[in-house]
Amino acid sequence: MSHSILALAALSRSLNVARRGLTRPLAVRLDGLGRTPRGLSNPPEPLYPGDALRGRAMLGGRWLFDGESVEGRDAPWFATPPSEAWAEALHGFDWLAHYAAVGDREAKRAAQAAVHHWIAAHGRGADALAWRPHVVGRRIRAWLTHSALVLDGADDRSRRAALRSLARQARYLRSRWRQAPVGAPRLQAVAGMVYAGLCVDGFERRFLGAIGDFEAELDAQLTPDGGHLSRRPSELFEVFALAVGLRRDLERARGVSTARLTEAIGRMAPTLRMLRQGDGGLALFNGGRELDDGRIDYAFSEARAPAPARKLAAEAGFGRLSSGRLTAVMDVGPPGPGEYSTRAGAGLLALEVSAGRRRLIVSCGPGEHLGADWAKAGRAAAAFSTLSIEDRSPVDFLDPQGFTGRRLGARAVGLQPGVLADRVDEADGVLLRAAHNGWLPRYDLIHERRLYLSTDGGELRGGEVLERPETSRGPDADFAIRFHLHPEVEAKLVGETVTLRLGGGEGWTMRQKGGALALEDSVYLGGPYRRPRPTKQIVVSGRVTDYQTRVNWAFRRVGAAAPAHRDFTDDAADRPDWSKDLRAAPALAD
């Protein structure tokens, strides 16, 4: 899509946002004119169990959301939110689960006081963030899930106020849920309507039809092989957990199970499994987060979807190798389309590896919560374990500080890279191959990466090829192949070898051929607190001066059996010929 068309779309979006801002308080007031429900029934089960320790911390004045903490006895309602994500979490009320886990009288009083305060301060629509459709959807579900905590023992006036507010919020979503951002937020918004129809007396006929809207929106967001269009593993999990919880609550309350929900859950489960690392958390591709493995295990236990992890999901854009104690996952897709790419990364063919329950090779992780500079750096190719050229990325994004980027999001623009991949099981190991054409416009180069994992998981070999036609006039350029290491990995450069020691004492070595080897500083933004943690990165650098440039590398576990021979330099006859397809004109990004 051209920049002029995007600018017009941004102007239209800006006008619509302004109009909604002017009309929102009136809409909220009008939505409050309906009758107050008599009561509630069929409260949903929590999406995840609460944490009593976090509940006690909240009672003591420490509010930790999205890796950011606010402290003080008057927190959180009178504090300046450290980020929009923190504020959305506060107004979404999912944290009521932690009060429920505490379960004593003090926690119940605190929960009821929080709901009462929110209704008094924010219940009439003046706060735009509190009335974002997906935040409203999350809040409706949270209040209904913990209705016993919020309503039991409350005086009649507070009880009626809570029921009236629930009805007002549900009516508000009826005309606004499609205004939520695409992805999990839009599903959270429409799920709020479904739960209102399931649980609020008198709303059954009006809102149960939203189940069809939820299923249609879910289908629109998923690829045929169970990936999510954002290509963000943690967002796929959010969608998966929401669908699993909704199906469970429908079965329990109505005794019905929808085939479309069951099919979607069955599609997502093996793709989500392929994106888990050895520690149970998720890969960090495209702005994703590790997430707590206990939450993921809980969702799978409710899903009743036992299919094993996929090995290659071409439409979802990921491939997986796993043998012995080693697991490797590679990003083999372009950024998602249009609005789905607003948080995507430029890490084409990026690699993440774990040995047992220890992460070894990682992505740096998303940095938007730390400001614009960190957000930009976290999306660049250099923040992923892949190849970059001249410190540039194979994907361009809108400037989030510009007029268009502020209104449409920092989505991918320009030519949409093409990516092709295949996987071959061999007698002595598994081979995963992929190539992309993101470097064609600037350097007339195709990048191919090949991974080979031995049967015992003791060796991971890789081959990188940068290729252009012999008649090409593409410029010479410097390249760097990065392998970001987890902070718990100790690394030393000894001659032409990097020695690695994982937290549990397991040793690995890394060697390469075709470039210059170095060990440099890096940062890691994964983990629950998402603060920059110092770590190291292995960098193999060189210069493209010919029609074909090759680099081979290998990670080998200390004490592993002698590897089977696999030299990517001499296997040209076995390589798929993707050049013709990848050199066809790439499509413009949506």
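Everything that follows concerns the structure shown earlier in this document.
So, a few notes on the structure that sits alongside this text. (Residues numbered from 1 in each chain as written. Predicted model: local features only at pLDDT ≥ 70, side-chain atom pairs only at ≥ 80, totals over all residues. Heavy atoms only, no water.)

Digging into the overall build of the chain
To keep it simple, the criterion reads: Starting at the N terminus, helices and strands are each numbered in turn, a helix being any DSSP run of H or I of at least four residues and a strand any DSSP run of E of at least two. Contacts are assigned to residue pairs that have any heavy atoms within 4.5 Å of one another. Per-residue and other accessible areas follow the Shrake-Rupley method at a 1.4 Å probe size, with only the shown protein chains counted as cover for residues.
Broken down by element type, the chain carries 18 helices and 23 strands. Put simply, of all contacts in the chain between residues at least 6 apart along the chain, 71% involve residues at least 24 apart. On the chain, roughly 24100 Å² of surface is accessible, and the fraction owed to carbon and sulfur atoms is 51%.

Some thoughts on helix 2 (residues 52-59)
As a reminder, the rule being used: To sort residues, take the accessible area from a 1.4 Å probe on protein chains only and compare it with the maximum for the residue type: under 20% means buried, over 50% means exposed, and anything in between is partly exposed. The directions from the helix axis to the C-beta atoms are what the arc is built from. Whenever two N or O atoms come within 3.5 Å, that pair is a polar contact, provided that in protein one can donate a hydrogen and the other can accept it, and provided that, for residues adjacent in sequence, both atoms are side-chain atoms.
Listed as buried for helix 2 are G55, M58 and L59. Seen along its axis, helix 2 keeps its buried residues to an arc of 100 degrees; they face one direction. Looking at the buried residues of helix 2, the elements they touch are strand 1 (62-65), helix 4 (96-102) and helix 5 (105-122). The residue sitting at the N-terminus of helix 2 and contributing the capping side-chain oxygen is D51; that oxygen lies 2.9 Å from the backbone nitrogen of L53. One or two positions beyond helix 2, positive phi appears at G61, with a value near 100 degrees.

Concerning the sheet that holds strand 19 (residues 507-513)
Threshold: Pairing between two strands requires that DSSP report at least two bridges joining them. Here, axes are lines fitted to C-alpha atoms. For helices the fit covers the stretch in contact, and angles between N-to-C directions go from 0 to 180 degrees.
With respect to topology, 8 strands assemble into an open sheet ordered 12-13-14-15-22-19-18-17, the strand pairing being antiparallel. The open sheet terminates on both sides in strands that have one partner only, identified here as strand 12 (419-426) and strand 17 (490-494). Along the sheet, successive strands turn relative to each other by an average axial angle of 15 degrees, direction set aside. Across 8 bridges, the pairing between strand 14 (residues 446-454) and strand 15 (residues 459-467) is antiparallel. Pairing of I446 across the sheet is with E467, part of strand 15.

A look at the nonpolar core
So the rule is basically this: To qualify as a nonpolar core, a set must consist of buried Ala, Val, Leu, Ile, Met, Phe, Trp, Tyr and Cys residues joined through side-chain atoms within 4.5 Å.
Ranked by size, the top nonpolar core spans 93 residues in total, and within it F93, W95, Y99, F214, L218 and F240 carry the most contacts. Here this core takes 11 residues from helix 9 (residues 184-199), the largest share from any one element. Not counting residues within four places of it along the chain, the set of residues in contact with F240 comprises I265, M268, A269, L272, A299, F300 and A303. Counting residues in each nonpolar core, the second largest holds 43 residues, with L326, I481, L502 and L517 among its members.

Let's talk about the packing of helix 8 (residues 156-176) against helix 9
This is how the line gets drawn: Should an angle fall under 35 degrees it is taken as roughly parallel, and over 145 as roughly antiparallel, whereas 65 to 115 is taken as roughly perpendicular and any remaining angle as oblique. Each crossing gets its handedness from the near helix: less than a right angle anticlockwise from the far helix is left-handed, clockwise is right-handed. Classification used: nonpolar for Ala, Val, Leu, Ile, Met, Phe, Trp, Tyr, Cys and Pro, charged for Asp, Glu, Lys and Arg, polar for all others including Gly.
Where helix 8 contacts helix 9, the two axes come as close as 9 Å, and the packing angle between them is 130 degrees. One element, helix 8, and the other, helix 9, form an angle in the oblique class. The element helix 8 and its partner helix 9 pack so that their crossing is left-handed. Of helix 9, the residues touching helix 8 (which contributes A170, L173 and R174) are A189, G192, M193 and A196. Considered class by class, the residues forming the contact of helix 8 with helix 9 number 5 nonpolar, 1 polar and 1 charged.

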